[in-house]
Structures are given as C-alpha cells and as structure tokens.
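Chain by chain, the residues:
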Amino acid sequence: MAWVAAVARLRARREPGVLVTVAAVRGHAPRDAGAKLVVGETGAWGSIGGGNVEAVAVDRAREMIAASERKPELMDFALNDKVTNQHGVQCCGGTVTVLLEPLPVVRSVAIFGVGHVGLELARILARQDLDLHLIDTRSDILAEDRLDVLADAVGQVHVHHTPLLPEEVLSELPRGTHVLIMTHDHAEDAALCDAALRTARLGSIGLIGSAAKWVRFRHRLATEGGHDEATIARIKTPIGLADITGKEPATIAVSVAAELLRTFETEGS
C-alpha cells in the first residue's frame, strides 16, 4: 500500500499513526532520502530500508502513539559495524537521518443547523484539518450550490440531511466529536440538547442563544429530561468569546470558531 493511501486509511479508521521519512542520507544507505513508512498501532506500510533503522523507527513511532505525542522528532543512525544496534548490524557505511511525524486522530465537529451563522462557521472550520459534520432538517439549506463555498475545504465535510429527527445523527458521530447546536427551531435545539446529554462519548456541547432561552432549556432539561445539574453543565451557552459582542453572522461565527480552537489547544496541552 502506498504511504498516501496508508495515511488516508488511518484517518478513515480514526486511528493514530506516525509518518516516518528518510530526511537525509550521507554516504551509502538502504533507501534514498524521501523514502517513507507509515506506522500504526498494529500495522506498518512502506519501508525505509528494513534492518535496525526501520525496526528502531517503528519502536519509537509506537512509543509516540502510546504517549499521544504531537511533536515531530529526528533520529540519526550510523550504518557501520562499530555501532551497537538493538536490532542487528547495518554496515552500509553511511549515516541516515529519519523524521518521525505524528498523525493524530483528527478532531471532529458537528454543526446542527446550517443557517446564516452555521454556514459562516462551516466556512471557517472547513479550513482546519478536521472532520466537519453539517446536519440540517431543511434540504434547501444543504443544497449543493449553497455549500459551494466549502469547495476549498482543507478538512473533510460530511453532510447529513435529516428531515425528521436530527438527534439520531448523534449516535453516528465519532467519539469525542464537539457538538454545536444552532438550528432554526428552538424545539429542535431542545431535543438535541437532551439527546446530546444522553450521549456520553461526545466532546464539548455548545448551544447558541440568549440567557432567557437557556433559562427555559435548563428548567426543561431538569424537569422533563431528568438531568442533574452536573450533567446539564456539560452544555456551554452562550457560545463564543465573551468580549466579541457583534451580532452579524460572520462575527458570531469567528467568535465561536475562536473559542472552539482554544478548546482544541487546551486538549492538546
């Protein structure tokens, strides 16, 4: 399997990995600079020449995966019979520098409601390397020509049209997905909040709206939904940075995106 396909496979399976590249070669070595190897938790695809270099790189890559390391690192190898190696002798006579780049599981975000604010938010988040799920009950809102603004997306965009029960999509989302609730219908928002609180494997849950809206929702979640205070506190509302007060859709979207990116930074620290 080509290394590009291997990286895509890990991403699709939501499995972490490490991309190992021969960064530099001086003298003789089994592979030239640019050779690549993709290491997963249990499998590996490609080759950087075999022998001690590859075996040590695989061992280190799996250590990085287990520790959830995000910073790349370089490893130097001398290929001569005077070096004590962990996995046998390679005496090609040269030296090799190997770059190990972590391939973490990409983050996942779900926007429920792709109206004015939702679409502006999607435009921003689509420029990030993440899986972006767009969910709406209205087919015209998800029309291809309306979503053309996402054609240059860096991330992978997944569109879900759910005419009746958008909350059913929650069970299909990847573990750790950050959920943003901003539909056109307060009843739909309320049902999504209740369902999201019953889905423990989600990441953060954000709800757009006013303080008055949240008072009503909070009461309903406690009385009709039977949720305790600690569970209800999983919902963040209002969403966005408090010191950005503009009400234009694009301004709200920037504020919400900035807060979410800050959440990502906190997760990665």
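Here's a quick rundown of the structure. (Residues numbered from 1 in each chain as written. Predicted model: local features only at pLDDT ≥ 70, side-chain atom pairs only at ≥ 80, totals over all residues. Heavy atoms only, no water.)

**As for the overall build of the protein chain**
Helices and strands together make up the secondary structure of the protein chain, namely 7 helices and 11 strands. Here the C-alpha atoms of the protein chain give a radius of gyration of 24 Å, more than 25% beyond the 18 Å that 2.2 N^0.38 yields for 269 residues. Dimensions of the protein chain, computed from C-alpha atoms along their principal axes, come out at roughly 75 × 40 × 35 Å. Across the 269 residues of the protein chain, 42% fall into the buried class. At a minimum sequence separation of 6, the contacts of the protein chain that also span at least 24 residues come to 65%. When the accessible area of the protein chain is evaluated, it comes to approximately 13700 Å², of which 53% is carbon and sulfur surface. Side chains of the protein chain carry 28 positive and 35 negative charges; the gap between the two charge centres is 3 Å. (Helix = DSSP H or I, 4+ residues; strand = E, 2+ residues; numbered from the N terminus. Rg over C-alpha atoms; globule rule 2.2 N^0.38 Å. Buried < 20%, exposed > 50% of the residue type's maximum accessible area, 1.4 Å probe, protein only. Contact = heavy atoms within 4.5 Å. Areas by Shrake-Rupley, 256 points an atom, 1.4 Å probe, with all protein chains shown as cover. Lys, Arg positive; Asp, Glu negative; His and termini not counted. Charge placed at Lys NZ, Arg CZ, Asp CG, Glu CD.)

**Observations regarding the sheet that holds strand β5 (residues 95-103)**
Strand-to-strand pairing in sheets goes through backbone hydrogen bonds, with the strands running parallel or antiparallel. Strand order in the open sheet formed by 5 strands is β3-β2-β1-β5-β4, with antiparallel pairing between adjacent strands. Lying at the two open borders of the sheet, with one neighbouring strand each, are β3 (44-46) and β4 (73-78). Across the sheet, the axes of successive neighbouring strands diverge by a mean angle of 20 degrees, strand direction being ignored. Where strand β1 (residues 17-26) and β5 come together, 9 bridges link them in antiparallel fashion. Considered in β5, the bridge of G17 is made with L103. Most of the contacts of helix α1 (residues 3-13) go to strand β2 (residues 36-40), to which it runs at about 20 degrees, and overall it touches β1, β2, β3 and β5. Sheet contacts for helix α2 (residues 51-66): β1, β2, β3, β4 and β5; angle to β2, the most-contacted strand, approximately 40 degrees. (Pairing = 2+ DSSP bridges. Axes fitted to C-alpha atoms, helices over the stretch in contact; angles between N-to-C directions.)

**Concerning the packing of aromatic side chains**
Overall, the coordinates contain 0 aromatic pairs when judged by the stated rule. Here K36 stacks its cationic end above the ring of W3, 5.1 Å away from the centre of that ring. (Phe/Tyr/Trp six-rings, centres within 6.5 Å; stacked < 30°, edge-to-face > 60°. Lys NZ or Arg CZ within 6 Å of the ring centre and 35° of its normal.)

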